[in-house]
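# Residue-level structural notes
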Amino acid sequence: MAKFQLNILGCGSATPARHLPTSQIIDFRDKLFMIDCGEGAQLAMRRMRLKFSRLNHIFLSHLHGDHCFGLPGLLSTLALHQKEGLVTIHTFKEGAEIFGKILDFFCRDTSFEIKFNIIDENSGIIYEDDALTIETFPLYHRV
């Protein structure tokens, strides 16, 4: 059976206290898939000995800060570690616009390619390979 492991990097709310803000990594067949990227995600990855080089997909569930403020720092760290290949950020149109500008400034000289996969606001498949399918569904979440 294929390895499928969930690593909780953070599970807290918008204010870091006892727990870091939201971020999880699924380790499936030696590929790492990040769900949300709250502040401190890269530190938690190091503590858990998750290899930056195996991270190729980052999924942002929604654009509240506690789910995405760690993204620029993480991508900058990946560049410092000379990560290679492609990192796909699955986000909404607004997220691609906002993070595109931030990354153009802070991460313009990366050793890897950054691609945005725009998530349709309605439900649908956003990632699929021969063994894994990832689908979205509408989220009703207060500010």
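This text goes with the structure placed above it.
Structural notes, computed from the coordinates. Please read these numbers as outputs of a predicted model, since none were measured by experiment. (Residues numbered from 1 in each chain as written. Predicted model: local features only at pLDDT ≥ 70, side-chain atom pairs only at ≥ 80, totals over all residues. Heavy atoms only, no water.)

On to the state of the cysteines, then. With the rule as written, the count across this model stands at 0 disulfides. The cysteine Cys-11 is free of any disulfide, with Cys-37 supplying the nearest cysteine sulfur at 15 Å. Residue class for Cys-11 comes out partly exposed when judged on its relative accessible area of 48%. With no disulfide of its own, Cys-68 has Cys-37 as its nearest cysteine by sulfur position, at a separation of 8.6 Å. (Disulfide = S-S within 2.5 Å. Buried < 20%, exposed > 50% of the residue type's maximum accessible area, 1.4 Å probe, protein only.)

The next point concerns the layout of surface pockets. Here the largest pocket is characterised by a volume of approximately 590 Å³. Around the largest pocket, the lining comprises 24 residues; the ones closest to its centre are Leu-60, Ser-61, Phe-92, Thr-136 and Phe-137. Of all elements in the fold, only β3 (31–35) and β8 (133–136) reach the threshold of two or more residues within the lining of the largest pocket. Residue composition of the lining of the largest pocket, by class: 15 nonpolar, 6 polar and 3 charged. (1 Å grid on protein atoms, 1.4 Å probe; cavity = no way out; pocket = protein on both sides within 12 Å on 5 of 7 lines; lining within 4 Å. Points joined across faces, edges and corners; volume = space filled by probe spheres on them. Helix = DSSP H or I, 4+ residues; strand = E, 2+ residues; numbered from the N terminus. Nonpolar A, V, L, I, M, F, W, Y, C, P; charged D, E, K, R; others polar.)

Among the 6 residues that make up strand β2 (residues 23–28), 6 are buried, leaving the element largely enclosed by the rest of the structure. Side chains Ser-23, Ile-25 and Asp-27 project from β2 onto one buried face, and the interleaved Gln-24, Ile-26 and Phe-28 project onto a second face that is buried too. With 6 bridges connecting them, strand β1 (residues 4–10) and β2 associate as antiparallel partners. Its bridge partner being in β2, Gly-10 is matched across the sheet by Ser-23. Two elements, β2 and β3, share 5 bridges in a ladder whose sense is antiparallel. By the bridge assignment, Ile-25 is partnered in β3 with Met-34. (Pairing = 2+ DSSP bridges.)

Our focus in this paragraph is the sheet that holds strand β5 (residues 86–91). Sheet architecture is open: 6 strands sit in the order β1-β2-β3-β4-β5-β6, paired in mixed fashion. Unpaired on one side and paired on the other, β1 and β6 (113–118) mark the two borders of the sheet. Strand-to-strand twist in this sheet, taken as the mean axis angle between neighbours without regard to direction, amounts to 20°. On the sheet, helix α4 (residues 93–106) packs against β5 and β6 and is oriented at approximately 160° with respect to β6. (Axes fitted to C-alpha atoms, helices over the stretch in contact; angles between N-to-C directions. Contact = heavy atoms within 4.5 Å.)

Taken as a whole and assessed by the stated rule, the structure comprises 4 aromatic pairs. Their ring planes at 65° and their centres at 5.3 Å tell us that Phe-33 and Tyr-127 sit as a pair that is edge-to-face. Here Phe-33 is found in strand β3, whereas its partner Tyr-127 is found in strand β7 (residues 124–128), with 94 residues between them in sequence. Here Phe-33 and Tyr-127 have matching classes, each one buried. Relative to Phe-106, the ring of Phe-105 lies with its centre 4.8 Å away and its plane at 85°, an arrangement referred to as edge-to-face. Neither Phe-105 nor Phe-106 differs from the other in exposure class; each is exposed. Arg-108 extends its terminal NZ or CZ atom over the ring of Phe-105, reaching a point 5.4 Å from the ring centre. (Phe/Tyr/Trp six-rings, centres within 6.5 Å; stacked < 30°, edge-to-face > 60°. Lys NZ or Arg CZ within 6 Å of the ring centre and 35° of its normal.)

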